Amino acid sequence: MPGMGRRLLVVEDEPLMAALLCDALRAQNFQVEKASGVLQARQQVQAFDPDAVLIDITLGDGPSGLDLAHVLHLQRPDIALLFLTKHPDLRTAGIRDEDVPPNCGFLRKDMVRDTEYLLQSLDAVLNDRPRDVRHDMDPAKPLAMLTDKQLDILRLLALGYTNEFIARHKESSTSTVERWVMEIFRAMEIPTRGDLNPRVEAVRRFFAAGGLPDRL
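Described below are features of the structure shown in this document.

The rules behind the values
Residues numbered from 1 in each chain as written. Predicted model: local features only at pLDDT ≥ 70, side-chain atom pairs only at ≥ 80, totals over all residues. Heavy atoms only, no water. Core = buried A, V, L, I, M, F, W, Y, C linked by side-chain atoms within 4.5 Å. Buried < 20%, exposed > 50% of the residue type's maximum accessible area, 1.4 Å probe, protein only. Helix = DSSP H or I, 4+ residues; strand = E, 2+ residues; numbered from the N terminus. Contact = heavy atoms within 4.5 Å. Pairing = 2+ DSSP bridges. Axes fitted to C-alpha atoms, helices over the stretch in contact; angles between N-to-C directions.

It is worth spelling out the nonpolar core at this point. If you look at the biggest cluster of nonpolar residues, it comprises 24 residues, and the most contacted ones within it are Leu-21, Leu-25, Leu-54, Leu-107, Leu-118 and Leu-122. Among the elements that line this core, the one with the most residues is helix H4 (residues 115–126), at seven residues. Those residues within four positions of Leu-118 in sequence are excluded, and the remaining contacts are Leu-21, Ala-24, Leu-25, Leu-54, Leu-107 and Val-112. Leu-156, Leu-159, Val-203 and Phe-206 belong to the second largest nonpolar core, which has 23 residues in total.

In structure tokens:
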């Protein structure tokens, strides 16, 4: 059997997703425990001593999956880390590559029902090949044409903030924000004249790629 009895901890605050993952993994002969938050996960790491931890990036109120991953990377570098994410590009969640601990893989939530994909992802992180499951580094990912700064500004637009607020938030001027927004339209090849509202179209594409972002 693929799991060969290896121990996996699933850290997921959505009960249905947690149950889906646990059932799928147990069916593949893994030993599985679950936790719904960071505190419970740290307790499970001590008691269960997993070979790998599957961590949802967003865990509701309190510490995030990223916080947990940083702690485990420092305290238990022997544990393989695999993030669960709905974001094909982590920048749409306001997460930069330098925010992520090294040697982590990423598992797309929309594909966890695919047992082969799930097993291949686990095999990669358990055998020190996490970059094999870094879909966020795919050059064909949505919004790849935008720089980190441009995508950060687009995320603020998607949150509904005005140019004036963004200028204050970025400690810049409104005219500079207007220039950034125009650069976004050009990079996304959105026409600024005609019947299409370019700001609405850019935000629509952001939602399609990354969903509704969390408030600041």
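Back to the write-up after that little detour.
With that out of the way, let us pick up the environment of Pro-63. Inspection of the secondary structure puts Pro-63 in the loop between strand S3 (52–56) and helix H3 (65–75). Distance in space between the C-alpha atoms of Pro-63 and Val-38 is 6.4 Å, their sequence separation being 25 residues.

Think of a sheet as strands paired side by side through backbone hydrogen bonds, with each pair either parallel or antiparallel. A sheet is described by the order of its strands in space; here five strands give the open sequence S2-S1-S3-S4-S5, paired in parallel fashion. For this open sheet the edge positions go to strand S2 (31–35) and strand S5 (104–108), each flanked by a neighbour on one side alone. Strand-to-strand twist of the sheet, defined as the mean angle between neighbouring strand axes without regard to direction, takes the value 25°. Across the sheet, helix H2 (residues 38–48) lies against strand S1 (7–11) and S2, angled at about 155° from S2, the strand it touches most.

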